[in-house]
Amino acid sequence: MDGISLTICICTSGRPTQLARCLNSFACGSIPPTQVVVSDDSRDVALADEVRRACSLYRFVRYVQGPRQGLCANRNHVVRQSCTSHVSLIDDDGVAHPNFVQRAHELIARFPDTVWTGSVMEDGTRLTPPSNPTFLGHFGRVPRPSEPLRNIHLNCNILPRAAFAAVGFDEAIDYGYEDTDLCAQLLASGFMIRHDPELVNSHVPPSREDAPSGRHWLAERARFYCTIRRHLKWQFSPLHAIGFAVVAPLHLAAHRLRLGQPLHFFDGWIWLLRDVASLRRAQPCVELVGAS
């Protein structure tokens, strides 16, 4: 396995307890990663100090301050801090399987240019394999035979670091579906995404009561943005774009009415107009330095 090196890239923001659990899972693994980089967007000084202390407990962990410009900017930032052949993106509420890094090394040795995704155990009860987007852009569609895989799990993946010279997380996305957009860019750039069932990490998110409010609608907004860009920019399938533009706003409008939110009836159409107008925006990428 000479030449193989793996950075675990973790974004966090004010969640030292979850981060400590995540870091400990790598410390308890069968072999350690080359390094773990934690990019911290915490704005509260006390929480940032706790995050820094959690990182200091492990020699293989490097703490860096995040850009504080949103999650996607932080994801790009943490990748930029790596200097290994491959990276793995794990959220602070993820928990690595003891054999994750070892299995990652085996896959990298055999298929160094492939993007890999595993499955994720949600809340310790539900094994979730990767899935492709549905017609409306949601997660969850089982890929058809011979159909390429179009998504990775952000808590269980392996990516060649060199891929980020051509792609990057779109910093116009506030929250949600940024992985779908990244994967659309990867496929458009010629990379293949493959699923390895032996890669299984866990996702243990905070309770719904502790989750930030408004995230559902941020994700809905991102779903429109990522889906229309995928159809018109990354895959270029105009017929799918037209179908989505006809059905998706109506579907959202009906949902708004059921929730008693008539003032938001036209959101879907407004979002689509803005998204189509943004198509000329430059493709995001990560400026890599010091690749090994």
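First, a word on scope: everything that follows refers to the structure included in this document. (Residues numbered from 1 in each chain as written. Predicted model: local features only at pLDDT ≥ 70, side-chain atom pairs only at ≥ 80, totals over all residues. Heavy atoms only, no water.)

Time to look at the overall build of the chain. The helix and strand tally for the chain stands at eight helices and nine strands. Over its C-alpha trace the chain gives a radius of gyration of 19 Å, about what one expects of a compact globule, namely 19 Å for 292 residues. Overall, the chain is about 55 × 45 × 40 Å in size when its C-alpha atoms are taken along their principal axes. Across the 292 residues in the chain, those meeting the buried criterion constitute 49%. In the chain, 79% of the contacts between residues at least 6 apart in sequence involve partners at least 24 apart. (Helix = DSSP H or I, 4+ residues; strand = E, 2+ residues; numbered from the N terminus. Rg over C-alpha atoms; globule rule 2.2 N^0.38 Å. Buried < 20%, exposed > 50% of the residue type's maximum accessible area, 1.4 Å probe, protein only. Contact = heavy atoms within 4.5 Å.)

The topology assignment puts A188 in helix α5 (residues 178–188). In this structure A188 comes out as partly exposed when scored by relative accessible area, which is 44%. In this structure the C-alpha to C-alpha distance between A188 and Q235, which are 47 residues apart in sequence, comes to 6.7 Å.

Turning to helix α7 (residues 238–258), a few remarks are in order. Since the α-helix turns once every 3.6 residues, residues separated by three or four places project in the same direction. Given a rise of 1.5 Å per residue, 21 residues ought to cover 30 Å, and the 30 Å separating the end C-alpha atoms of α7 matches this to within 8%. The sharpest bend along α7 comes to roughly 25 degrees, located at F244. For α7, the complete set of buried residues consists of A241, G243, F244, A248, P249, L252, A253 and R256. (Expected span 1.5 Å × (residues − 1). Bend = angle between axes of the 7 residues up to and from the residue.)

What follows deals with the packing of α7 against helix α8 (residues 267–277). Closest axis-to-axis distance for the α7/α8 pair is 7 Å, and the angle between their directions is 140 degrees. Two secondary-structure elements touch here, α7 through F244, A245, P249, L250, L252, A253 and R256 and α8 through D267, G268, W269, W271 and L272. (Axes fitted to C-alpha atoms, helices over the stretch in contact; angles between N-to-C directions.)

Scanning all chains against the criterion turns up 15 salt bridges. For D91, the salt bridge identified is with R75, shortest N-O distance 3.0 Å. On the criterion of sequence distance, the pair formed by D91 in strand β4 (residues 86–91) and R75 in helix α3 (residues 71–80) is long-range, its members being 16 residues apart. Accessibility classification places D91 together with R75 in one group, the buried group. For D196, the salt bridge is made with R103, and the minimal N-O distance between the two is 2.9 Å. Of the two residues, D196 is situated in strand β9 (residues 193–203) and R103 in helix α4 (residues 100–110); the sequence distance between them amounts to 93 residues. D196 sits in the buried class, given a relative accessible area of 6%. Because the salt bridges share partners, they merge into one network encompassing R103, E106, D196 and E198. (Salt bridge = Lys/Arg side-chain N within 4 Å of Asp/Glu carboxyl O.)

On to α5, then. Most of α5 sits out of view: nine of its 11 residues are buried. Considering only its buried residues, α5 is in contact with α3, β6 (115–122), β8 (157–160), β9 and α6 (215–234). The positive-phi residue at the C-terminal boundary of α5 is G190, with phi of around 100 degrees.

Function cannot be read off these values alone, since they describe shape.
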